[in-house]
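# Structural characterization, general
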Amino acid sequence: MTASASQSTDKGIGIAVLCAVVAGLGALVMFGGAPDVTAAWGFAAAMLFGALSVVAIHVYED
C-alpha cells in the first residue's frame, strides 16, 4: 500500500523574499530621486514587486 505523499517546498517564500527585497530597493530609489521621474520608476517597482511577493505566497501555498 502506498500513501499519497505531499511534498512541500519553500519556493513561494523564496520568491516572495526576493520580490520584497527588490520592492525595498525600488522604495529606496523612490526616496532618492524625490522630485524626478526616477522617483516614479522607483514607486512603480516598489508597487509591482510588492504585489508579486504577495502573489508568490498565494500561488505556491499548499
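Structure shown above.
In short, a report on the structure. Residue positions are counted from 1 within each chain, in the order its sequence is given. For a predicted model such as this one, the threshold for reporting local features is a pLDDT of at least 70, and the threshold for listing and counting side-chain atom pairs is 80 or more; totals across whole chains, interfaces and linings nevertheless cover every residue. Hydrogen atoms and water are omitted, and side-chain values are computed over all heavy atoms in the structure.

### Concerning the packing of helix α1 (residues 11-32) against helix α2 (residues 37-59)
Stated formally: What counts as an axis is a line fitted to C-alpha atoms, over the stretch in contact for a helix, and the angles between N-to-C directions run from 0 to 180 degrees. Strands are runs of DSSP state E lasting at least two residues, helices are runs of H or I lasting at least four, and both sets are numbered from the N terminus onward. Put simply, angles under 35 degrees are roughly parallel, angles over 145 are roughly antiparallel, angles from 65 to 115 are roughly perpendicular, and the rest are oblique. In a left-handed crossing the near helix is turned counterclockwise from the far helix by less than a right angle, and in a right-handed crossing that turn is clockwise. Note on definitions: a residue-residue contact is assigned when non-hydrogen atoms from the two residues lie within 4.5 Å.
Where α1 contacts α2, the axes come no closer than 7 Å and their chain directions differ by 165°. In terms of axis orientation, α1 runs roughly antiparallel to α2. Handedness of the crossing formed by α1 with α2: left-handed. Between α1 and α2, the contacting residues are Gly12, Ile15, Ala16, Cys19, Ala20, Val22, Ala23, Gly26, Ala27, Val29 and Met30 on the first element and Thr38, Ala39, Gly42, Phe43, Ala45, Ala46, Phe49, Gly50, Leu52, Ser53, Ala56 and Ile57 on the second.

### Thoughts on the environment of Val22
Its place among the elements puts Val22 in helix α1. Residues Val22 and Ser53, spaced 31 residues apart in sequence, show a C-alpha to C-alpha distance of 9.7 Å.

### Brief notes about the environment of Val29
Its location among the elements puts Val29 in helix α1. The contacts of Val29, once residues within four sequence positions are left out, are Thr38, Ala39 and Gly42.

### Here's the deal with α2
Let me state the cut-off plainly: Any helix carries an expected span of 1.5 Å times its number of residues minus one. The rule is simple: take the accessible area with a 1.4 Å probe, protein chains only, and divide by the maximum for that residue type; under 20% is buried, over 50% is exposed, in between is partly exposed.
The end-to-end C-alpha distance of α2, which contains 23 residues, comes to 33 Å, matching closely the 33 Å that a straight helix rising 1.5 Å per residue would cover. For α2, the full list of buried residues reads Ala39, Gly42, Ala46, Ser53 and Ala56. Close packing links the buried residues of α2 with α1.

### Here we look at a nonpolar patch on the surface
Applicable threshold: For patches, a residue must show more than 30% relative accessible area and have no salt bridge; joins then use 9 Å for like charges and 5 Å for nonpolar side chains, namely Val, Leu, Ile, Met, Phe, Trp and Tyr. All accessibility values rest on the Shrake-Rupley procedure with a 1.4 Å probe; residue burial counts only the protein chains present in the view. Only one rule defines a salt bridge in this text: a Lys or Arg side-chain nitrogen within 4 Å of an Asp or Glu carboxyl oxygen.
Where nonpolar side chains cluster on the molecular surface, the patch consists of Ile13, Val17, Val21, Leu25, Leu28 and Ile57 and spans about 560 Å² of accessible area. When residues in the nonpolar patch are grouped by element, the largest group, five residues, is from α1. When you line up the elements, Ile57 lands in helix α2. Relative accessible area serves as the criterion here: at 40%, Ile57 is assigned to the partly exposed category.

### Details of α1
Cut-off, in case you're wondering: Read the arc as the range of directions from the helix axis to the C-beta atoms.
The terminal C-alpha atoms of α1 lie 32 Å apart, and with 22 residues this matches the ideal 32 Å at 1.5 Å per residue to within 8%. Buried within α1 we find Gly12, Ala16, Cys19, Ala23 and Gly26. Angularly, the buried residues of α1 cover 80° about the axis, an arc narrow enough to put them on a single face. In this structure, α1 carries Leu18, Leu25, Leu28, Phe31 and Gly32 as exposed residues pointing more than 90 degrees from its buried face.

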